[in-house]
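Below are the chains, spelled out letter by letter.
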Amino acid sequence: MASNLPTYSSLMLKEACSASEYVALQLAADRERYTELGQHLRAAQHSTVLTVARGSSDHAANYCAYLIMARLGRIVASLPMSLVTLCNAPLQTRATLAIAISQSGQSPDVIEPIRYFREGGATTVALVNDAASPLAHGAEWSMPLHAGPELSVAATKSFITSLVAAARLTGHWQNDAAFLDAIAELPEALHRATCCDWSQAIDVLAPSSKIMVVGRGTGFPVALEAALKLKETSAIQAEAFSGAEIKHGPMALIDEGYPLLIFAPRGPTQHSLIRLAAEMRGRGARVLLAAPDDIVERDLTLPIAATPDLDPIVAIQAFYVMAAQLSIARGMNPDKPRHLNKVTKTN
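These figures come from a predicted structure and were not determined experimentally.

**As for the side chain of Thr 51**
Here's step 1: Within the secondary structure layout, Thr 51 lies in strand E1 (residues 48–52).
Here's step 2: Once residues within four sequence positions are removed from consideration, Thr 51 is found in contact with Ala 61, Val 76, Ala 77, Ser 78, Leu 79 and Ile 99.

**Details of the sheet that holds strand E9 (residues 286–291)**
Here's step 1: With parallel pairing, the five strands of this open sheet are ordered in space as E7-E6-E8-E9-E10. Every other strand in the sheet has two partners, leaving strand E7 (237–242) and strand E10 (300–301) as the edge strands with one partner each.
Here's step 2: Taken together, the five bridges between strand E8 (residues 259–263) and E9 define a ladder with parallel strand orientation. Looking at the pairing, Leu 261 lines up with Leu 288 of E9.

**Here's the deal with the packing of aromatic side chains**
Here's step 1: For the coordinates displayed, the defined rule picks out five aromatic pairs.
Here's step 2: Measuring from ring centre to ring centre gives 6.4 Å for Phe 159 and Tyr 320, while their planes differ by 80°; the resulting arrangement is edge-to-face. Of this pair, Phe 159 sits in helix H8 (residues 157–174) while Tyr 320 is found in helix H14 (residues 311–329), placing the two residues 161 residues apart along the sequence.
Here's step 3: The exposure class of Phe 159 is buried, given its relative accessible area of 3%.
Here's step 4: An angle of 55° between the planes, with centres 6.3 Å apart, marks the rings of Phe 319 and Tyr 320 as tilted. Grouping residues by exposure puts Phe 319 and Tyr 320 together as buried.
Here's step 5: An aromatic cluster is defined as three or more aromatic residues linked by ring pairs; in this entry it consists of Phe 159, Trp 198, Phe 263, Phe 319 and Tyr 320.
Here's step 6: Sitting above the plane of the Phe 179 ring, Arg 71 keeps its charged end 3.8 Å from the centroid.
Here's step 7: Over the ring of Tyr 22 we find Lys 157, and its NZ or CZ is 4.1 Å from the ring centre.

**Quick notes on unusual backbone geometry**
Here's step 1: Its identity as a non-glycine residue notwithstanding, His 146 has a phi of 60°, on the positive side.
Here's step 2: By the secondary structure assignment, His 146 is in the loop between strand E5 (141–144) and H8.
Here's step 3: Of note in this structure, Ala 235 is not a glycine but carries a positive phi near 55°.
Here's step 4: Structurally, the position occupied by Ala 235 is in the loop between helix H12 (220–234) and E7.
Here's step 5: What makes Ala 235 partly exposed here is its relative accessible area of 31%.

**A short note on the pairing of strand E3 (residues 96–102)**
Here's step 1: Extensive coverage of E3 is indicated by the burial of seven of its seven residues.
Here's step 2: Of the two faces of E3, the one lined by Thr 96, Ala 98, Ala 100 and Ser 102 and the one lined by Leu 97, Ile 99 and Ile 101 are each fully buried.
Here's step 3: In this structure, E3 lies alongside strand E4 (residues 123–128), joined through six bridges in parallel fashion. Within E4, the residue paired with Ser 102 across the bridge is Val 128.
Here's step 4: Note that the unit made of E3, helix H6 (residues 108–119) and E4 has a crossover that is right-handed.

Analysis parameters
- In every chain, residue numbers begin from 1 and rise along the written sequence.
- Under the rules for a predicted model, residues below a pLDDT of 70 receive no local features and side-chain atom pairs below 80 are neither given nor counted, while totals for whole chains, interfaces and linings still include all residues.
- Side-chain calculation: all heavy atoms of the structure are included, whereas hydrogens and water are not.
- Strands here are runs of E lasting at least two residues and helices are runs of H or I lasting at least four, both read from the DSSP assignment and numbered beginning at the N terminus.
- Contact between two residues is taken to exist if any of their heavy atoms lie within 4.5 Å; hydrogens are not considered.
- At least two DSSP bridges between two strands are needed for those strands to be called paired.
- To pair, rings of Phe, Tyr and Trp, with the six-membered ring standing in for Trp, must have centres within 6.5 Å; the planes then decide the type, stacked if under 30 degrees apart, edge-to-face if over 60, and tilted in the middle.
- Whether a residue is buried, partly exposed or exposed follows from its accessible area with a 1.4 Å probe, protein chains only, as a fraction of its type maximum: under 20%, in between, or over 50%, in that order.
- Geometrically, a lysine NZ or arginine CZ counts as sitting over a ring once it is within 6 Å of the ring centre and also within 35 degrees of the ring normal.
- Orient the strands so they point away from the viewer; a crossover is then right-handed if the path from the first strand over the helix to the second runs clockwise.

Such coordinate-based values are descriptive only and should not be taken to indicate function.
Okay, here's the thing in C-alpha cells:
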C-alpha cells in the first residue's frame with residue numbers, strides 16, 4: 001500500500017477517488033425508502049427477476065444478479081432489451097421484478113422495457129444517478145445513486161455507487177442486518193483502496209495491445225468492467241472471461257508473454273483462480289494476479305471490504321486508479337476516449 005492518494009492527473013482519476021464520498025452520501029440517503037422496498041420485495045414473492053442495463057451498468061447488474069441469486073436463491077436473467085424495443089415480444093410481466101441500472105437514465109432501450117413492465121403490473125426498480133431522468137420517472141421505485149455529476153466519459157464513481165445500491169437492495173430484501181452493517185463500512189474501505197500501488201500493472205500494460213481479464217463469481221463483473229475500461233481509456237484489446245471458461249477456447253490465444261489480469265478476491269472461487277494463474281505462468285503468460293495480501297503468489301494487492309461479497313466494490317476502485325494512470329502512460333486522455341460520448345442512446 002502506498003501512503004498517499006494519487007495526484008489527480010485526470011478527471012477520471014479525480015472522480016474515481018471521490019467515490020468514497022459519494023457512497024457515504026448515498027448511504028446517508030433514502031434509508032426509509034430502501035427499508036420499504038425490502039419489505040415490498042419480501043411480500044411480493046416474484047417468480048421472475050430481470051435486469052435491464054447496458055455497458056458499465058450491465059456489469060453492475062451482473063453483480064446485482066449474483067448477489068440476489070447467492071443470497072436470496074432467486075434466479076435472475078439479463079433482459080435482451082430488443083425483445084421490447086424492436087421485436088414487440090409478448091412478454092409476461094406479472095409476478096416479475098425488473099431492475100434497471102443507469103448513470104444517465106436517458107437511453108430508450110433501458111427506459112422502454114421499464115415502462116413496458118410497469119404497465120404490465122411488474123415491480124420496477126431504477127438504480128439511476130439522474131433522479132430527474134425519464135428512467136427515474138418511469139420506474140415505480142426510483143433509487144438515486146447520489147454520485148453527483150460525472151464529467152469524465154469513462155464512468156467510475158457512478159459504477160461504484162451502482163454496485164453499492166445493488167448491495168443495499170439485496171441486503172434490505174434479505175433483511176440482513178449484518179450485511180447492511182458491512183455496507184456501512186464501505187466509504188472507509190474505498191478510501192483505503194485508492195492508495196493501493198498497482199504500478200506493476202502499468203509497467204506490464206503500457207506497451208501491450210491486448211489482454212485477457214479473468215474473474216469468477218462476484219469477481220467476474222469486475223473483470224467485465226476492467227476489460228471495458230482498458231478498451232475505452234487505453235485502446236487495449238481487452239476481453240473478459242470467467243476463470244471457468246478460459247480453457248474452452250480462449251486458451252488457444254495465449255502464447256509467450258501474453259498478459260492476463262486475474263482478479264482473485266476472497267470467496268469460494270479464489271483457489272481455482274490462483275491455480276489458474278500458476279498454470280498460465282507455466283504456459284509463458286505474463287500474469288498479473290490481483291489478490292488480497294494473504295496470498296503470497298499475488299502480483300497486485302486487492303483491498304478487502306468488511307465481508308467478501310463486497311470485495312468487488314473496493315477491487316474496482318483500486319483498478320480505476322491504475323487504469324487512469326495507464327491511459328496517460330500510453331499517451332492518451334482517459335477523460336475523452338475516442339469515438340465515445342458520455343450518454344449513449346440505443347434502441
